[in-house]
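A closer look at the structure
Given next are the chains, with one letter for each unit.
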Amino acid sequence: MRYLAIGLTSALLNMPAWAADLPQPVPPRAPVNASAPSFYVTSYIWASAIDGRSATFPPLPATNINLGFRDVLKELDGAMMLAGEMRIDRWSFVVDGQFSQVTAGGNLPGPFFSSLKVRSQSTTIQASALYRAYTDANVSLDVGGGIRFWNLNNRLEIQPGLANLYIDHRQTEMWVDPTLGARLGLKLGGPWSLTLAGDVGGFGVGSRFSWQALSTVNYAWNENWTLKAGYRGLHVDYRNDGFLYEVTMHGPAIAATYRF
């Protein structure tokens, strides 16, 4: 069951909530009210642990989850994470896409079945619009909202033993969460800055409720590159006809943003 739990949940290793754009600090050049748009591309890694409950193969019962990042990483096949942001005047438009796949397996007790394999895929796409409500030389505050699309695709294969019975079961869940959030940028002096961000979402439209909190320390290496390190937490509670995903993901994150 431990391998099964890993396979069912670690697909969300990289699933951020509010677009997973590790938010940008106050730009070191060009004022925020410039008429020409500026663009940012962010690549990031989120070393997330996972805690909660999951029942992603109804009618199988819910399984308690308590996985460290090392447990998740053992089963990870691969992941892609990329965020983009366009800023024009006081507006920012953020799009984030992520995909991850994990595969776990093990032998089954008894003679009737030989082994099982679980493959879990996760796709998340987030679109957000933010408005700069306040800005001065050292502080910026963005507020706004958007939508977060979730897609969980799971496959369970049980190989035959004496029973000579092969089982191939697939389960897919998709939902969309509206989100409301804010992003605060603080200049710390020199090339250093601090970003604090958070959001709430779901509201029973897709999931029952979700929240995210994120803080990063940012270093402007030059006028094009910014390096970031921080900590993120994400909670989601989604339920539908026996399907349950009520988890909290949390851990350190690192990112690099290129401005052009």
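Note: the structure precedes this text.
Procedures and definitions
- The residue numbering used here restarts from 1 in each chain and proceeds along that chain's sequence as written.
- With the structure being a predicted model, the display of local features is reserved for residues of pLDDT at least 70 and the display and counting of side-chain atom pairs for 80 or more, all residues being used for whole-chain, interface and lining totals.
- Note: side-chain values were computed over all heavy atoms of the structure, leaving out hydrogens and water.
- In this description, strands pair whenever DSSP reports at least two bridges between them.
- Each helix is a run of DSSP H or I of at least 4 residues and each strand a run of E of at least 2, with the numbering of both proceeding from the N terminus.
- For this analysis, a ring pair means two rings from Phe, Tyr or Trp (six-membered ring only for Trp) whose centres lie within 6.5 Å, classed as stacked if their planes differ by under 30 degrees, edge-to-face if by over 60, and tilted for the remaining angles.
- Over a ring means this: the NZ of a Lys or the CZ of an Arg is within 6 Å of the ring centre and within 35 degrees of the ring normal.
- Two N or O atoms count as a polar contact when they lie within 3.5 Å, although within protein this holds only if one can serve as hydrogen donor and the other as acceptor, and sequence-adjacent residues are included solely when both atoms are side-chain atoms.
- A pair is scored as a salt bridge if a Lys or Arg side-chain nitrogen falls within 4 Å of a carboxyl oxygen belonging to Asp or Glu.
- Only protein chains enter the accessibility calculation, which uses a 1.4 Å probe; a residue is then buried when its area is under 20% of its type maximum, exposed when over 50%, and partly exposed in between.
- In this text, buried Ala, Val, Leu, Ile, Met, Phe, Trp, Tyr and Cys residues form a nonpolar core when linked through side-chain atoms within 4.5 Å.
- By the convention used here, residues are in contact when the closest approach between their heavy atoms is within 4.5 Å.

Turning next to the pairing of strand β4 (residues 76–88). Note that strand β1 (residues 38–46) and β4 share five bridges and pair antiparallel. In the sheet register, threonine 42 faces β4, and the bridge partner there is alanine 83. Of the strand pairs in this sheet, β4 and strand β5 (residues 91–107) are connected by twelve bridges, and their pairing is antiparallel. Its bridge partner lying in β5, methionine 80 is registered against phenylalanine 99. Counted along the chain from β4 to the antiparallel partner β5, the turn is two residues long, and its residue aspartate 89 has a positive phi close to 55 degrees.

Now for the packing of aromatic side chains. All chains considered together, the criterion is met by nine aromatic pairs. Measuring from ring centre to ring centre gives 6.3 Å for tryptophan 91 and phenylalanine 93, while their planes differ by 15 degrees; the resulting arrangement is stacked. Their ring planes at 20 degrees and their centres at 6.1 Å tell us that tyrosine 258 and phenylalanine 260 sit as a pair that is stacked. Linked through ring pairs, Phe39, Trp225, Tyr258 and Phe260 together constitute an aromatic cluster. One cation-aromatic arrangement involves arginine 87 over tyrosine 40; the distance from NZ or CZ to the ring centre is 4.3 Å. The aromatic ring of tryptophan 46 is capped on one face by arginine 232, whose charged end is 5.5 Å from the ring centroid.

Among the structural elements, arginine 259 can be located in strand β12 (residues 243–259). Residues arginine 259 and valine 41, 218 residues apart in the sequence, show an inter-C-alpha distance of 6.7 Å. Side-chain polar atoms of arginine 259 contact the side chain of tyrosine 40, separated by 3.5 Å.

By the definition in use, this model includes twelve salt bridges. For aspartate 168, the salt bridge is made with arginine 170, and the minimal N-O distance between the two is 3.6 Å. Where arginine 239 meets aspartate 237, a salt bridge forms, and the shortest distance between an N and an O atom there is 2.9 Å. The class for aspartate 237 is buried, based on a relative accessible area of 11%. A network of salt bridges, in which partner residues are shared, links Glu85, Arg87, Arg132, Asp142 and Arg183.

Another point: the pairing of strand β10 (residues 209–220). Across the two faces of β10 the burial differs, with Ser210, Gln212, Leu214, Thr216, Asn218 and Ala220 buried and Phe209, Trp211, Ala213, Ser215, Val217 and Tyr219 not buried at all. Across ten bridges, strand β9 (residues 192–201) lies against β10 in antiparallel orientation. Considered in β10, the bridge of threonine 195 is made with threonine 216. Bridge analysis of β10 against strand β11 (residues 225–240) gives twelve bridges, and the strand direction is antiparallel. When the sheet's bridge partners are listed, serine 215 is paired in β11 with tyrosine 231. What sits between the antiparallel neighbours β10 and β11 is a turn of four residues.

Leaving glycine out, the prevailing phi sign among residues is negative, and the prevailing peptide bond configuration is trans. With a phi angle near 55 degrees, aspartate 89 is a residue other than glycine that sits in the positive phi range. Within the fold, aspartate 89 resides in the loop between β4 and β5. Aspartate 89 gets classed as partly exposed once you look at its relative accessible area, which sits at 41%. At aspartate 241, a residue that is not glycine, the phi angle is positive and equals roughly 50 degrees. Considering the arrangement of structural elements, one finds aspartate 241 in the loop between β11 and β12. You can call aspartate 241 exposed: its relative accessible area is 74%.

We now examine the nonpolar core. By size, the foremost hydrophobic cluster in this structure holds 16 residues, and its most contacted members are Ile50, Trp175, Val236, Tyr245, Val247 and Met249. Considering every element that reaches this core, the biggest residue donor is β12, with five residues. Residues within four places of valine 247 in sequence aside, it is in contact with Ile50, Asp51, Gly52, Arg53, Ile65, Leu234, His235 and Val236. In this structure, Phe57, Leu116, Val118 and Ile158 belong to the second largest nonpolar core, which totals five residues.

By themselves, these are just geometric observations and shouldn't be taken as functional.
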